[in-house]
Amino acid sequence: MNAAIPANLTAEGFARAFDVSRETMERLQAFAALLERWNRTINLVAPQTLPRLWARHMADSAQLVRLAPEAARSWIDLGAGAGFPGLVIAALAAEMRPQLKLRLAESDRRKAVFLGEAARSMGLAVTIDACRIEEAPPAAQDVISARALAPLDRLCALAHRFAGPETVFLFPKGARLESELTAAARSWHIRAERIESVTEAGASILKILELKPLT
């Protein structure tokens, strides 16, 4: 099945696809401009993905917002890197879910500085944990996301310390999801849904509704 979002998606196409306001688009375009400038000296994203920025990174991140519970108030993005999905979610939430507070955990100091500068340029209030995930304050979050951070078994171990009884985990995954689930099942009880990605054929978002270590 083909992905619903075309690979050549433009900023205008993104605005239509996700029904966002001009103010939100201005935030995201400021983010895009800053990313392109910083990427010349810091490896934030693979340079070959920049011509497909709105599909490969922006839309791939934005699709997670609709999967979060409406009542969610707190969200942590682990290994936030260049701000995908965390800063995109924060930009959309400022318009659609103003009660949602974002935390971005990033251990690479240069990337953490970029995240802070990008958040300021976008006019967003986010918390940045510039430390290893294992060292970040383990307050329970309503939503936990991570994009291209680690295999699922490792990801579960990193994310579990931020989990509460109602936490929803949103992990974009590629074609290796089945083998990752098999490996993770040796250490974790996982109750989850698989939602087809709108940006990449064969990819999906693993929405975990229950995560418990096997003892």
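As the structure is a prediction and not an experimental result, all values here were calculated from the model.

Asker: So what about the side chain of Glu-180? Which residues, and what values?
Answerer: Here Glu-180 is to be found in helix H7 (residues 177-184). Other than its neighbours up to four places away in sequence, Glu-180 contacts Ala-150, Pro-151, Leu-152 and Lys-173.

Asker: Hey, could you go over the layout of surface pockets for me, with residue numbers and the actual values?
Answerer: Approximately 690 Å³ is the volume attributed to the largest pocket. In this structure, the largest pocket is lined by 37 residues; those nearest its centre are Gly-79, Phe-84, Arg-147, Ala-148 and Leu-149. Per-element accounting of the lining of the largest pocket gives the leading share, 3 residues, to helix H3 (residues 53-62). Partitioned by chemical class, the residues of the lining of the largest pocket number 16 nonpolar, 9 polar and 12 charged.

Asker: Would you mind going over the pairing of strand E7 (residues 204-213) in detail, with residue names and values included?
Answerer: Of the pairings in the sheet, the one linking strand E5 (residues 163-173) to E7 comprises 5 bridges and is antiparallel in character. If you follow Pro-172 over to E7, its bridge partner there is Ile-205. Sheet topology note: the strand E6 (residues 188-196)/E7 ladder contains 9 bridges and is antiparallel. Across the sheet, the residue bridging to His-189 is Lys-212, located in E7.

Asker: Give me the lowdown on the side chain of Lys-173, citing residues and values where you can.
Answerer: Looking at the element boundaries, Lys-173 is found in strand E5. You can call Lys-173 buried: its relative accessible area is 11%. In terms of polar contacts, Lys-173 uses its side chain to reach the backbone carbonyl oxygen of Ala-150, at 2.8 Å. In this structure, Lys-173 is in contact with Ala-150, Pro-151, Leu-152, Leu-155, Glu-180, Ala-203 and Ser-204, ignoring residues within four places of it in sequence.

Asker: So, the packing of helix H2 (residues 22-38) against helix H4 (residues 86-96): which residues are in play, and what are the values?
Answerer: Between H2 and H4, the least distance of the axes is 9 Å, while the angle of their chain directions is 160 degrees. Regarding the angle of H2 to H4, the classification is roughly antiparallel. The two elements H2 and H4 cross, and the hand of that crossing is right-handed. On the side of H2, the interface is formed by Thr-24, Arg-27, Leu-28 and Phe-31, while H4 contributes Leu-87, Val-88, Ala-91, Leu-92, Ala-94 and Glu-95. The residue makeup of the contact of H2 with H4, split by class, is 7 nonpolar, 1 polar and 2 charged.

Asker: Summarise the packing of helix H1 (residues 11-18) against H3; cite the residues concerned and give the values.
Answerer: One way to put it is that H1 packs onto H3 with a least axis distance of 11 Å and a crossing angle of 20 degrees. Taken together, the axes of H1 and H3 are roughly parallel relative to one another. Pair H1 / H3 crosses with right-handed handedness. Of the residues in H3, those touching H1 at Ala-11, Phe-14 and Phe-18 are Trp-54, Met-58, Ala-59 and Ala-62. When its residues are assigned to classes, the contact of H1 with H3 shows 7 nonpolar, no polar and no charged.

Reading guide: rules and limits
- Each chain carries its own residue numbering, running from 1 in the written order of its sequence.
- Totals for whole chains, interfaces and linings use every residue, but because this is a predicted model, local features are given only for residues with pLDDT of at least 70 and side-chain atom pairs only at 80 or more, for both listing and counting.
- As a rule here, side-chain values come from all non-hydrogen atoms in the structure, and water together with hydrogens is ignored.
- To qualify as a helix, a DSSP run of H or I must reach at least 4 residues; to qualify as a strand, a run of E must reach at least 2; elements of each kind are numbered from the N terminus.
- Residues count as neighbours in contact if any of their non-hydrogen atoms are within 4.5 Å of one another.
- Only protein atoms enter the 1 Å grid, on which a cavity is a set of points fitting a 1.4 Å probe that cannot get out and a pocket is an open set with protein on both sides within 12 Å along at least 5 of 7 lines, lining residues being those with an atom within 4 Å of a point.
- Grid points are joined across faces, edges and corners, and a volume is the space filled by probe spheres set on the points.
- Gly is put with the polar residues, along with every residue not named as nonpolar or charged; the nonpolar set is Ala, Val, Leu, Ile, Met, Phe, Trp, Tyr, Cys and Pro, and the charged set is Asp, Glu, Lys and Arg.
- Two strands are counted as paired when DSSP detects at least two bridges linking them.
- Think of it in three bands: residues with accessible area under 20% of the maximum for their type are buried, residues over 50% are exposed, and the middle band is partly exposed, with areas taken using a 1.4 Å probe on protein chains only.
- Under the rule applied, a polar contact is a pair of N or O atoms within 3.5 Å (in protein, one hydrogen donor and one hydrogen acceptor; residues adjacent in sequence only if both atoms are side-chain atoms).
- What counts as an axis is a line fitted to C-alpha atoms, over the stretch in contact for a helix, and the angles between N-to-C directions run from 0 to 180 degrees.
- Comment on the angle field: the value is read as roughly parallel under 35 degrees, roughly antiparallel over 145, roughly perpendicular from 65 to 115, and oblique elsewhere.
- Crossings are classed by handedness, with left-handed meaning an anticlockwise turn of the near helix from the far one by less than a right angle and right-handed meaning a clockwise turn.

Any functional reading would require information beyond the geometric quantities listed.
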